[in-house]
Amino acid sequence: MSGARYIELEGGRVHNLKNISLKIRHNALTVICGVSGSGKSSLAFDTLYAEGQRRYVETFSPSARQFLDRIERPAADRLVGLPPAIAIRQQMRADGARNTLGTRSEILDSLRVLFARVGDQYCPDCDICIESTSPETAARRVIEQCLDSRIMIAAAVDLATDKLTNDKLTSDEQRQRIASLIQQGYTRAVLAQASVRLDAVDPESVAEPLLIVIDRLKADPASSARLAEAIAVAMNLSDGTCVVLAEQSQQPSYRSGEQMLIDGANWSVRRFSKRRICSSCSREFADLSPESLSFTSPLGACTHCEGTGLTVRSNKVGKQKAAPEEVVCSACGGRRLNSNAIAVRWAHQNLPQVCAKEIGELVPWLHENYGMLDESLQSALKPVFEHALRRLSFLEENGLSYLSLDRSMKSLSGGESQRVMLTTALGSGLINTLYVLDEPTTGLHSTDTDRIIASVRALQQSGNTVVVVEHDPKFILAADEVVEIGPGAGDEGGDVVFQGTPEELLTANSQTAEKLREFQLRSRENEPSIPEKKTGARKKSSAASAGQAAGVASGAQASAVAGRKIRVPEEWLTFRNVNCHNIKDLNVRLPLGVFCAITGVSGSGKSSLISDSIFPAICRELKIPCEPSADGTIGSIEGVSQIDNVLLLDQSPVQRSRRSIPATWIGVFDDIRVLLAETHEAKKRNYSRAMFSFNAASGGRCPVCEGRGVVTVAMQFLADIATVCEECNGRRFRPDVIEIRYRDRSVFDILNMTADEAFTFFNGHHRIQQRLNAVRQTGLGYLRLGQPLSTISGGEAQRLRIAAMLAGVPLSDADHSAENRKSAQLTRSGRTLFLLDEPSSGLHMQDIDRLLNCIDFLLQTGHSVIVIDHDELLTSQADWQIEMGPGPGRHGGQIVRSSAAKV
């Protein structure tokens, strides 16, 4: 493209990138693909985004930079043409107790401003509207309500108390105050139902505030200026309040409000205040502000639950203390705000009620009530209103109109969470920016993928450069340009295998190209047949015909399961009256001993059913500790006695740091340290296994780098500099610890082994080999045992979590016979139910095959697997399929289909 500008990278060497060079077009949508661990994230996030962010931060003053995270310069010879960068990562999902859809999308910020400006404060105790009235407004209301009536403007003055110190005044001080009022020109007052001269008032006989008459006049539009001036004087004299007395021509009525008898005549009483005071209980309220309506601020948060809406209740079963349980806060009813904030209303609705509306209902509500404001307010609040409306429209366009702003982010599915974060980026309105997205289609049903592609395309068309790390074939084919990193993972990756258009990729020779061609072939098989004009017969492929005859969801599924043996469940788990989010009184049966796939559109209730309801319920039945959950409830459970354990792989991200390594994650490092401590030399030196830990300060780690292998030099106003530790030369341990050898290998040598190398090295150590084999089964045999988890990709992290689950399964290199099944049941974990929520997250299409092998291994050894996923390559291989729906939100929460896969 002639004249186009590029991001130019030369000599990129971050992590496993092998001195790569490439150009990425500005204002284009570029997809980076490749197998998991090939170096995609190293290129997109650790090189492009990191350098863009670093350069942006360097534009700040040194005094401002000291408060920001210091970003290291990525290893590259040359990187030019880079705009300011923004990243949307999978692990950015906000799961804090105060993070809601409204706070994450920043729509709640706009609503708080609107409520603070146009909302009415009500007294929580009296339900009376609290108003702060200006003298001009008060004068206008008096003329409207008391037209042509004789009125007196008075100020209530407390003679007995000093209004500044609140101290009691003596009789002499009270007389001095009366004298001061007379000197200011005030001559009359109202006392004991009579109008009296002020100089005749005995202060000792006054038991209540004295009404000092400021002015007497007729309520007439011509005297509005004089009336407003008198009200202002009264407010200043009585610390913000004014009393207006209007003469009544008839006997008072109980319905006419407060009345007063003065000199035998009836006078109605109206009180106005520039302070926000309840006219009934005299409770004073602070002026409304956005912070006073925020549950993340002490001004607005419920003091009982501190804005979380939940409190922790400790349970006791007999004399034993059970796990604490989260319950709805009794003070705020889960609304998170204090009583003053809840009592603020706009159009008869408080803020929690508005946030509880579905987005599809909230948009017309905002339009209607904003349109009822006067023109001056509309003009002042137009930017705030348009900001909220723009964000809400983005959520609607991305298929989230069924959600409400008060939904906790941790209650959203992975796909919903991804779309919310994308909405924040789309609503920012930035241009000439580099957006780096990490698998925006994660957790999305295929029907939602087109919406995400359109949203990301809109981000690019508004004048931004968008780089996306993605495995989804539809997204790859929708890009302007594709960059494939590979050809393999780890040390076998890090090269640019392909760069060009999606059309050119389809003819290339790479793993992604091969899977894309298979995807296109399946898509053509799934296309609806066109009836012939004469006979009405349909042209259909054998795969599509099989799919229709069997009643499965798609021809691709029928084609995928054809030719393989379907497992038939013999045992079941039965759950009755499941209630959680959009699931209401649902009855469901889950098969055991087979691969069961839970499918359905994003937001249909899959995670609510499995992760938030069934998993904690089984844990309670099996007396397994688990995180307290106030989300799901189940009436009754049957069949739990058929399993011995349950494990959940949810969507929470792996906590990656330089101290966490694969060896500790899968639990082999403890056994390795035991072997090192049992060597002759270690016993001779009296070294325990703690000596071989780089996390224990009392162990044998290097005292200079504290077991990190690198020393970070803090630069006051520049990025920190990380250098290899000169004391240990990057080996993490002291020299005397390195001298201890097992089979002629030190602890450093062992941590530098790949999982494949270590599996062979530890031949004969069943427990270590069993756990290492789990890593190899997930395709991570190339990972080094001591590699910091901070350097691995999202796909590698996901597979490492799966490997940790597999590590509890007995190792078997032989055929999976009945004897082997029996041995699996006799292990410590016994028959285990594995619940996997979106295990395909971060996995290349090639890696799905490895995941299927892992699932098959679990089933062959006597366990059960239930998977929530949208990937058709994965779900089409299930033995039993349960589809939830039919739609998202309140339109879902039902079992649409539950049946065995048919060939």
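If you're wondering where the values come from, they're calculated on a predicted model, not measured in any experiment.

Visitor: Looking at this model, I keep getting lost on the nonpolar core. Mind explaining?
Guide: With 65 residues, the main nonpolar core has Phe595, Ile672, Phe692, Val747, Leu751, Phe762 and Val865 as its most contacted residues. What valine 865 contacts, discounting residues up to four positions off in sequence, is Val594, Phe595, Cys596, Phe834, Leu836, Ile855, Leu858 and Leu859. Judged by nonpolar contacts, the second largest core, of 41 residues, contains Val344, Leu362, Leu366 and Met409.

Visitor: Explain the environment of proline 221 here, please?
Guide: Structurally, the position occupied by proline 221 is in the loop between β11 (210-218) and α7 (224-237). With 78 residues separating them along the chain, proline 221 and isoleucine 143 place their C-alpha atoms 6.6 Å apart. Those residues in contact with proline 221, other than ones at most four positions away along the chain, are Ile143 and Leu147.

Visitor: Looking at this structure, how should I read the sheet that holds strand β1 (residues 6-12)?
Guide: By definition, the strands of a sheet pair up through backbone hydrogen bonds, in either a parallel or an antiparallel sense. Read across the open sheet, the three strands follow the order β2-β1-β4; overall the sheet is antiparallel. Whereas interior strands pair on both sides, the edge strands pair on one side only; in this sheet they are β2 (20-25) and β4 (78-80). If you compare each strand with its neighbour and ignore which way they point, the axes differ by 10 degrees on average. One ladder, built from three bridges, connects β1 with β4; its direction is antiparallel. The residue of β4 that forms the bridge with glutamate 8 is valine 80. Against the sheet, helix α1 (residues 40-58) makes contact with β1, β2 and β4, and its axis sits at roughly 65 degrees relative to β4, the strand it touches most.

Visitor: Can you help me understand the packing of helix α4 (residues 107-118) against helix α11 (residues 375-397) in this one?
Guide: Two measures define how a pair of helices packs: the angle their axes make with one another and the distance between the axes. Direction vectors running N to C along α4 and α11 enclose 150 degrees, while the axes themselves pass 9 Å from each other. The orientation of α4 with respect to α11, classified from their angle, is roughly antiparallel. Classified by chirality, the crossing of α11 by α4 is left-handed. When α4 is examined against α11, the residues Ile107, Ser110, Val113, Leu114, Arg117 and Val118 are found in contact with a partner set consisting of Leu377, Ala380, Leu381, Val384, His387, Ala388, Arg391, Leu392 and Leu395.

Visitor: Where do I start with unusual backbone geometry in this structure?
Guide: In the segment running from glycine 486 into proline 487, the intervening peptide bond is cis, with an omega of 0 degrees. The phi angle at aspartate 148 is positive, at roughly 70 degrees, despite the residue not being glycine. Along the chain, the position of aspartate 148 falls in the loop between α5 (135-145) and β8 (150-157). According to the relative accessible area criterion, aspartate 148 is partly exposed, its value standing at 47%. In this model, glutamine 193 sits at a positive phi of 65 degrees, which is unusual for a non-glycine residue. By the element assignment, glutamine 193 lies in the loop between β9 (188-191) and β10 (194-197). A residue is classified by how much of its surface remains accessible, and glutamine 193, at 51% relative accessible area, is exposed.

Visitor: Looking at this model, I keep getting lost on the sheet that holds strand β22 (residues 465-469). Mind explaining?
Guide: In spatial order, the strands read β5-β21-β22-β3-β23-β24; together these six strands make up an open sheet with mixed pairing. Every interior strand has two partners, whereas the edge strands, β5 (85-88) and β24 (495-500), have only one. Along the sheet, successive strands turn relative to each other by an average axial angle of 15 degrees, direction set aside. With four bridges joining them, strand β3 (residues 29-33) and β22 adopt parallel strand pairing. Across the sheet, leucine 29 pairs through a bridge with valine 466, a residue of β22. Sitting on the sheet, helix α13 (residues 446-461) is in contact with β3, β21 (434-438) and β22, with an inclination near 145 degrees to β22.

Visitor: Sorry if this is basic, but what is going on with the state of the cysteines here?
Guide: What is meant by a disulfide is a covalent connection between two cysteines, made through their sulfur atoms. In the structure shown here, the tally under the stated rule is zero disulfides. Free of any disulfide, cysteine 278 has its nearest neighbouring cysteine sulfur in cysteine 281, separated by 3.5 Å. A relative accessible area of 1% means that cysteine 278 is categorised as buried.

Visitor: Just to check I follow, could you spell out the side chain of serine 899 for this structure?
Guide: Looking at where serine 899 falls in the secondary structure, it is placed in strand β35 (residues 894-900). With near-sequence residues (within four places) excluded, serine 899 lies in contact with Trp880 and Gln881.

Visitor: Mind showing me how you'd approach helix α26 (residues 766-777) here?
Guide: Given 3.6 residues to a turn, an α-helix orients residues that are three or four positions apart in the same direction. Over its 12 residues, α26 runs 16 Å from end to end, which matches the ideal 16 Å to within 8%, given 1.5 Å per residue. Looking only at α26, the buried set comprises Ile768, Gln769, Gln770, Arg771, Leu772, Asn773, Ala774 and Val775. Its buried side turned inward, α26 meets α21 (669-677), α25 (755-761) and α27 (794-806). Within two residues after α26, glycine 779 carries a phi angle of roughly 80 degrees, on the positive side.

Thresholds, definitions, all that
- Residues numbered from 1 in each chain as written.
- Predicted model: local features only at pLDDT ≥ 70, side-chain atom pairs only at ≥ 80, totals over all residues.
- Heavy atoms only, no water.
- Core = buried A, V, L, I, M, F, W, Y, C linked by side-chain atoms within 4.5 Å.
- Buried < 20%, exposed > 50% of the residue type's maximum accessible area, 1.4 Å probe, protein only.
- Contact = heavy atoms within 4.5 Å.
- Helix = DSSP H or I, 4+ residues; strand = E, 2+ residues; numbered from the N terminus.
- Pairing = 2+ DSSP bridges.
- Axes fitted to C-alpha atoms, helices over the stretch in contact; angles between N-to-C directions.
- Parallel < 35°, antiparallel > 145°, perpendicular 65-115°, else oblique.
- Left-handed = near helix turned anticlockwise from the far one by under 90°.
- Disulfide = S-S within 2.5 Å.
- Expected span 1.5 Å × (residues − 1).

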